[in-house]
Amino acid sequence: MSSTAGKVIRCRAAVAWEAGKPLSVETIEVAPPQKGEVRLKILFNSLCRTDVYWWDAKGQNPLFPRILGHEAAGVVESVGEGVTNLKPGDHALPIFTGECGECTHCKSEESNLCELLRINTDRGVMLSDGKTRFSKNGQPIYHFVGTSTFSEYTVLHAGCVAKINPAAPLDKVCIVSCGFCTGFGATVNVAKPKPNATVAVFGLGAVGLAACEGARVSGASRIIGVDLLPNRFEQAKKFGVTEFVNPKDHDKPVQQVIAEMTNGGVDRAIECTGSIQASISAFECTHDGWGTAVLVSVPKKDVEFRTHPMNFMEGRTLKGTFYGHYKPRTDIPSVVEKYLNKELELDKFITHTVPFSEINKAFELMLKGEGIRCLIRMEE
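Not measured: the values here are computed from a predicted model.

A. Summary view of the nonpolar core. Counting 107 residues, the largest nonpolar core has F150, V173, F180, I270 and I332 as the members making the most contacts within it. If we skip the residues at most four places from it in the chain, I332 touches L93, I95, A162, V176, C181, Y323, Y326 and K327. If you look at the next biggest cluster of nonpolar residues, it comprises 15 residues, including A200, I258, V266 and F283.

B. Examining the packing of helix α4 (residues 179-191) against helix α5 (residues 206-217) more closely. For the pair α4 and α5, interaxial distance at closest approach is 7 Å and the crossing angle is 40 degrees. The orientation of α4 with respect to α5, classified from their angle, is oblique. Between α4 and α5 lies a crossing of right-handed hand. Contacts between α4 and α5 involve G179, F180, T182, G183, F184, T187 and V188 from the first element and V207, A210, A211, E213, G214, A215 and V217 from the second. Tallied by class, the residues present in the contact of α4 with α5 amount to 8 nonpolar, 5 polar and 1 charged.

C. The sheet that holds strand β10 (residues 198-202), seen in detail. One open sheet holds the 6 strands; their spatial order is β12-β11-β10-β13-β14-β15, and the pairing between them is parallel. Here the strands that pair on one side only, and so sit at the sheet edges, are β12 (243-245) and β15 (317-320). Between one strand and the next, the sheet's axes are offset by a mean angle of 20 degrees, whatever the strand orientation. In terms of strand pairing, β10 meets strand β13 (residues 268-271) through 4 bridges, oriented parallel. Bridging from a neighbouring strand, V199 pairs with R268 of β13. Contacts from α5 reach β10, β11 (222-226) and β13 within the one sheet, and its direction differs from that of β10 by about 170 degrees.

Cut-offs applied
Residues numbered from 1 in each chain as written. Predicted model: local features only at pLDDT ≥ 70, side-chain atom pairs only at ≥ 80, totals over all residues. Heavy atoms only, no water. Core = buried A, V, L, I, M, F, W, Y, C linked by side-chain atoms within 4.5 Å. Buried < 20%, exposed > 50% of the residue type's maximum accessible area, 1.4 Å probe, protein only. Contact = heavy atoms within 4.5 Å. Axes fitted to C-alpha atoms, helices over the stretch in contact; angles between N-to-C directions. Helix = DSSP H or I, 4+ residues; strand = E, 2+ residues; numbered from the N terminus. Parallel < 35°, antiparallel > 145°, perpendicular 65-115°, else oblique. Left-handed = near helix turned anticlockwise from the far one by under 90°. Nonpolar A, V, L, I, M, F, W, Y, C, P; charged D, E, K, R; others polar. Pairing = 2+ DSSP bridges.

Pasting the structure below:
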């Protein structure tokens, strides 16, 4: 048992005190884990656009002060009562969506949407008692998607912690806990392109590039990257993209451009932008008879997906996916093993590194659209 088990830990955290203002790195208190919970020592974070979206708090329900962060890796410091599958010293990935192992979804091979632990962006407290485990001078600080990894120590429900092989470098596999699996799994687990298939990927950010990587390892013959930023194409070639389409360069709908490029449409399309128009284009650019489109990103509230019913009747399929259809505790350890076996390439996703004290630089890079993933080293 660690020397800090059962005690309040004072540590650094990057606190979002209000929407859109720079995070403040300061000392906070982290309470010990309660029944069914785990306290992790976070060693590495990588910044995901979801963190920026909720930090900016435009169009959502703002909840502050809050500790953001969810794409990370660390080591178990202590466990609460009843936790038997994890112990201090275990290497682990915090996952923003969980796996209780008991609900209908967890027992189904067809779903990873745990009824108890699926993502909840509005909840800022722990499930067991409705309280936070973070505070500063007695003031509660809210949690974020059950992870709050922008803190040197954090407390999670045990079902949101995936134990991994300690041989895995935590500064590389941290991206497995969100962005990589979201995109890669959308391709290999949901779209399932066959060898020599044609695949279109809408959006060439980190998730989109992970979807491209999934198409590459699946043996796709053509991978068409669709994005409004032409400077992303050269970078995307490293992930298997063979052709680039910028909708701004054409005076016709992009789905029509892609259909003409591919003799009727692509076999598979994956949408990773959050734009409802991109979602429609991804579906309509697939080939009749067998084309499948997979929606990955969350669109804005109150938007509608509009397409003619004949597009379905002609044999096209539209699917959605969440976290690449991976069950956190069951499937993520095997993804890490594939990296260790050199079956997956993760290193090329990490393009920048900053120390924790300079975490706001990571936000600046993302807002400028520079790089893919910025690694945040917690220990300086």
